[in-house]
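Fold and geometry: a report
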2 protein chains.
Amino acid sequence: MNTKTILLASRPVGVPTAAQFQFETRAVPASAAGQVLLKTLYVSVDPYMRGRMSAAKSYVAPFAVGEPISGGVVAEVVESHGAQLPVGSVVVGNLPWQEYSVADASAVQRVPADQAPASYFLGLLGMPGLTAYFGLLDICQPKAGETVVVSGAAGAVGSIVGQLAKIQGCRVVGTAGSDEKVAYLKELGFDEAINYKTTSDLAGALAAAAPNGVDCYFDNVGGAITDAVYDLLNKHARIALCGQISTYNATEAPVGPRPEGKLLKTSSKLQGFIVSDYHARWPEGVKKLTEWYAAGQLKGEETVTEGFDQIPAAFLGLFQGENTGKAVVKVA
Amino acid sequence: MNTKTILLASRPVGVPTAAQFQFETRAVPASAAGQVLLKTLYVSVDPYMRGRMSAAKSYVAPFAVGEPISGGVVAEVVESHGAQLPVGSVVVGNLPWQEYSVADASAVQRVPADQAPASYFLGLLGMPGLTAYFGLLDICQPKAGETVVVSGAAGAVGSIVGQLAKIQGCRVVGTAGSDEKVAYLKELGFDEAINYKTTSDLAGALAAAAPNGVDCYFDNVGGAITDAVYDLLNKHARIALCGQISTYNATEAPVGPRPEGKLLKTSSKLQGFIVSDYHARWPEGVKKLTEWYAAGQLKGEETVTEGFDQIPAAFLGLFQGENTGKAVVKVA
């Protein structure tokens, strides 16, 4: 049995292009005891994967050139030598970009596919949901009535952060890169949403949207938006530093206004994090997210691209702001 | 009765000079019920006061032009209408730069002048000691064997931070601006001390001094030293942001490498703070600092300038790195 696979052809310099991806057909090995043969249903494409395409040390090891790219995948068990995962069960795991793959049953996690669309386990009920949950609720700890700003608010994580902040009773301000996204944020219940690409005075727009200052900032973007938010921090503000997509394709070390003086004057906290920091508490997060979703309090927006061959394009589209909500590729 | 007083003559642009200070003789009002007449013994000069000389909003209100400058003062009660403060008792408080002043007895705090030199209540057993205590122990929470870096290590706060970190069993690295200060840090028990002014490769020197990376950073300085430390952060590093003396006299908003990416990759925390954030816990801090001092585990270094008229010079000297340990002026 063969499968298509996508390898990292070369490391990008600056903005990645289609040239970084190489399609190949490989044989799928026979699954052994304790293993399962998996048919890929959905592939997740995420901004953090840009970091893994570079050789630089980061929180996850770089992808190897000439080897399959891997990431979040939802798959169906089509052959099982692992008792806990019967054929037909749906699992999520860190798996290669392939139509089929073999994995240890213990390396993937079964998901309750009757409770939500399978792709949601890559988004609202998966890593992005948990990232939003812990970043907002553990690091920012927003209180009712406080103002929460979210950058990249229409993205996979940001759209959940904003909804969670509304559940907490906060005033929520989001930034996004198109009028369609701004309209979508309003639908989700954001109090204010700003198109940072078309707003001539970003600092003024943020100040107007947060007349009582900013208590919590969930940063997915960095750069000029973040600089402007720093100027609005209230005393004891909390910043969850989740992503810096504005800098991921930079070819030189990014330079900007130093934030330390602003954090010092306001006794504010800036906390970098990654969802795996909270590994021990994931079950709590999944439980709460699932409850809010079942109660209709959380919506899981997605941008679904169809077809295995479109995975690189969907990934590259992240850096053009093409997705609203979670970007996934439907493979089967 | 008259007293000399020092007024803020004008707001500085960039580095402050003697022109910002105006000496005047004023009448001391009679002390009323509940008040005390105080004779100034020691005046504290501190880098944070530079911020109060500017009009910009910060964590403490600006000094008013034409009004006395005020700050930490140790004084002796020479006339008392407040039962809890008998004549002869020694107090510390936020008081004007004057030889004599009248204050509400409730606005100053009696100190146990038999337990330590009176000036120590402006340093080791006062605000700088508490700043070191809470910034290091509450924000950084260093564990035995971890590496702690302190910038401005020979200053009032930094010299205490380093000693506290040694009490916690850490490897301690300090930066300072002269060979004399470096030698002093070694005397205090610092494992490594770096003269940032004469080291041609600051990043290399820091990396060599912290071969296992940096777990905690207590930042009094900001700028290039801080940029270099950010590159050495271990996973889950904690940074207590206490001061940014390298930028206090800047006339333009300081610019530098963006730190967010480095904090993100290491899940590190950057927490701005001021000692008053911990007001409710000051008694705990004073108790612990006093115990360590009494046990000979903490030393209180000072640079003492003599004479009321020398207060401005002692203050200006802070920005030339003239002090080792706490800078105080002995007035009487």
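In this text, all values refer to a predicted model and were calculated from it rather than measured experimentally. (Residues numbered from 1 in each chain as written. Chains lettered and ligands numbered in written order. Predicted model: local features only at pLDDT ≥ 70, side-chain atom pairs only at ≥ 80, totals over all residues. Heavy atoms only, no water.)

Residues and elements named next belong to chain A. Where burial is concerned, the two faces of strand E6 (residues 100–104) differ: the one with Ser101 and Ala103 is buried and the one with Tyr100, Val102 and Asp104 is not. When strand E3 (residues 35–44) meets E6, the two strands line up antiparallel, connected through 5 bridges. Directly across from Val36, in E6, lies its bridge partner Ala103. (Buried < 20%, exposed > 50% of the residue type's maximum accessible area, 1.4 Å probe, protein only. Helix = DSSP H or I, 4+ residues; strand = E, 2+ residues; numbered from the N terminus. Pairing = 2+ DSSP bridges.)

Below, the discussion takes up the relation of the copies chain B and chain A. These two copies of the chain differ by a rotation about an axis and a displacement along the same axis. Taken as rigid bodies, chain B and chain A are interconverted by a rotation of 180 degrees and an axial shift of 0.0 Å, the fit giving an RMSD of 0.0 Å. The operation mapping one copy onto its partner corresponds to a two-fold rotation axis. The C-alpha atom lying nearest the rotation axis in chain B is that of Leu270 of chain B; the distance is 2.5 Å. Mapped onto chain A, 100% of the interface residues of chain B again fall at the interface, so both copies present the same surface. (Least-squares fit on C-alpha atoms with pLDDT ≥ 70 in both. Contact = heavy atoms within 4.5 Å.)

Before going further, it helps to spend a moment on helix H2 (residues 127–140) of chain B. Residues and elements named next belong to chain B. Its 14 residues place the ends of H2 18 Å apart at the C-alpha level, agreeing with the 20 Å of an ideal helix rising 1.5 Å per residue. Burial of H2 is extensive: 11 of the 14 residues sit out of reach of the surface. Among all positions in H2, only Pro128, Gly129, Leu130, Thr131, Ala132, Tyr133, Phe134, Gly135, Leu136, Ile139 and Cys140 are buried. Gln141 occupies a position one or two residues after H2 and carries a positive phi of about 45 degrees. (Expected span 1.5 Å × (residues − 1).)

Residue and element names in this part refer to chain A. Segmenting chain A into domains produces domain 1 (2–123 + 300–330) and domain 2 (127–276). For domain 1 and domain 2, the distance between their C-alpha centres works out to 28 Å. In this assembly, domain 1 packs against domain 2 so that about 1300 Å² is buried in total across both faces, 59% of it on carbon and sulfur atoms. In this structure, the connection of domain 1 to domain 2 is made through 0 salt bridges. Classifying every residue of the side of domain 1 that touches domain 2 by side-chain character gives 8 nonpolar, 7 polar and 4 charged. (Domains from an automatic or database assignment. Buried area = accessible area lost by both parts, 1.4 Å probe. Salt bridge = Lys/Arg side-chain N within 4 Å of Asp/Glu carboxyl O. Nonpolar A, V, L, I, M, F, W, Y, C, P; charged D, E, K, R; others polar.)

Before going further, it helps to examine the interface of chain B and chain A. For interface size, the figure often reported is the accessible area lost on association. With 34 residues of chain B at the contact, the number on the chain A side is 34 residues. If you sort the residues of chain B by the area they bury against chain A, Arg258, Glu260 and Leu264 of chain B come out on top, with a joint share of 27%. Summed over the shared surface of chain B and chain A, the result is 4 salt bridges. Ionic pairing is found between Asp227 of chain A and Arg258 of chain B, a salt bridge with its closest N-O pair at 2.8 Å.

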